[in-house]
Amino acid sequence: MLKLFRRVKPPRVVPEMELARRLTSPDYRCACCGELLNAADAVGLRPVGWPHSPAPQPEEAMDGTGDVITERYARRGRDMLVRAHLPIPVKGTEEHVFLSVWANLSPGDFARLRSGQERGDADRLGDLFAWLYSRVPASTGPVLTKGLLVPVSEGGMPVYWITDPKHPLHAAQLDGGMGAGEILALYEDLGATDLVGHLRA
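Below: a short report on this structure. (Residues numbered from 1 in each chain as written. Predicted model: local features only at pLDDT ≥ 70, side-chain atom pairs only at ≥ 80, totals over all residues. Heavy atoms only, no water.)

## Observations regarding the nonpolar core
Using the following cut-off: Residues grouped as a nonpolar core are buried Ala, Val, Leu, Ile, Met, Phe, Trp, Tyr and Cys residues, joined through side-chain atoms within 4.5 Å. Relative accessible area decides the class of each residue, using a 1.4 Å probe on protein chains only: under 20% of the type maximum gives buried, over 50% gives exposed, and in between gives partly exposed. Strands here are runs of E lasting at least two residues and helices are runs of H or I lasting at least four, both read from the DSSP assignment and numbered beginning at the N terminus.
Ranked by size, the top nonpolar core spans 48 residues in total, and within it Leu 99, Leu 149, Tyr 160 and Tyr 187 carry the most contacts. When residues of this core are traced back to their parent elements, those giving at least two are helix H1 (16-24), strand E5 (79-89), strand E6 (96-105), helix H2 (107-119), strand E7 (128-132), strand E9 (159-162), helix H4 (180-189) and helix H5 (193-200).

Structural data, given as structure tokens:
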């Protein structure tokens, strides 16, 4: 008996520059479902060693004791953490993607940063030494990495720059960035598989 087989279509290949446009456009809508995506600022990481962190609490919880996490700050034991943007340039564009990571400051610098963010003039503090407290990439990245936290004005989220040349993202931050396909592979490694599926549709 002759068997008929349905021909399977190969997966659609989206050109690199189109992927870059989708990654960096704040108003890109998914081709398969119409969902509005802001892929450049959509991937957030947990603090190292806190795989099941609790739901964010109000900022006032930081004035108490014990482990706590809010939208902008966290305390884990003696470690004082602040959420920050880690920028990665997208090759072939003038744009960046921004991973939402956690940085560990000294208690004194943390207090000064928090006060400065409340006043809106944290940028006057200048660059602050901080440990990257999120593992990037999730599968192979080092547990702790040296870097600089750059505060911004008006209470905005500070920016984190990796200074350790051994970190896999150090060169990408400083020397031309990553291709859109490479960034999507990083997103998948960080668990954002649904977002990657929308971008490749």
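Next, the rest of the story.
## Things to note about the environment of Leu 36
Convention followed: Only heavy atoms enter the contact rule, under which two residues are in contact if any of them lie within 4.5 Å.
Relative to the helices and strands, Leu 36 resides in strand E2 (residues 36-37). Owing to a relative accessible area of 47%, Leu 36 belongs among the partly exposed residues under this scheme. Expressed as a C-alpha distance, the spacing of Leu 36 and Val 136, which sit 100 residues apart in the sequence, is 26 Å. Residues in contact with Leu 36, not counting those within four places in the same chain, are Pro 26, Asp 27, Tyr 28 and Arg 29.

## Here's the deal with the pairing of strand E4 (residues 73-76)
Threshold: Strands are treated as partners if at least two bridges between them are detected by DSSP.
Where strand E3 (residues 68-69) lies against E4, two bridges are found, and the strand directions are antiparallel. What sits directly across from Val 68, in E4, is Arg 75. Here E3 folds back onto E4 in antiparallel fashion, the turn holding three residues. In this structure, E4 lies alongside E5, joined through four bridges in antiparallel fashion. Following the sheet pairing, Arg 76 is matched in E5 by Asp 79.

## Some thoughts on the packing of aromatic side chains
To be explicit about the condition: Centres within 6.5 Å are what make two rings of Phe, Tyr or Trp a pair, Trp counting through its six-membered ring; a difference in plane orientation under 30 degrees is then read as stacked, over 60 as edge-to-face, and the rest as tilted. Any Lys NZ or Arg CZ found within 6 Å of a ring centre and within 35 degrees of that ring's normal is scored as a charge over the ring.
Tallied over the full model, the rule gives two aromatic pairs. Ring centres 5.5 Å apart and planes at 80 degrees place the aromatic pair Phe 129 and Trp 131 in the edge-to-face group. The class of Trp 131 is partly exposed, set by a relative accessible area of 29%. Lying over the aromatic face of Trp 50, Arg 76 brings its terminal NZ or CZ to 4.9 Å of the ring centre. The ring of Tyr 73 carries the charged tip of Arg 114 above its face, separated from the ring centre by 5.6 Å.

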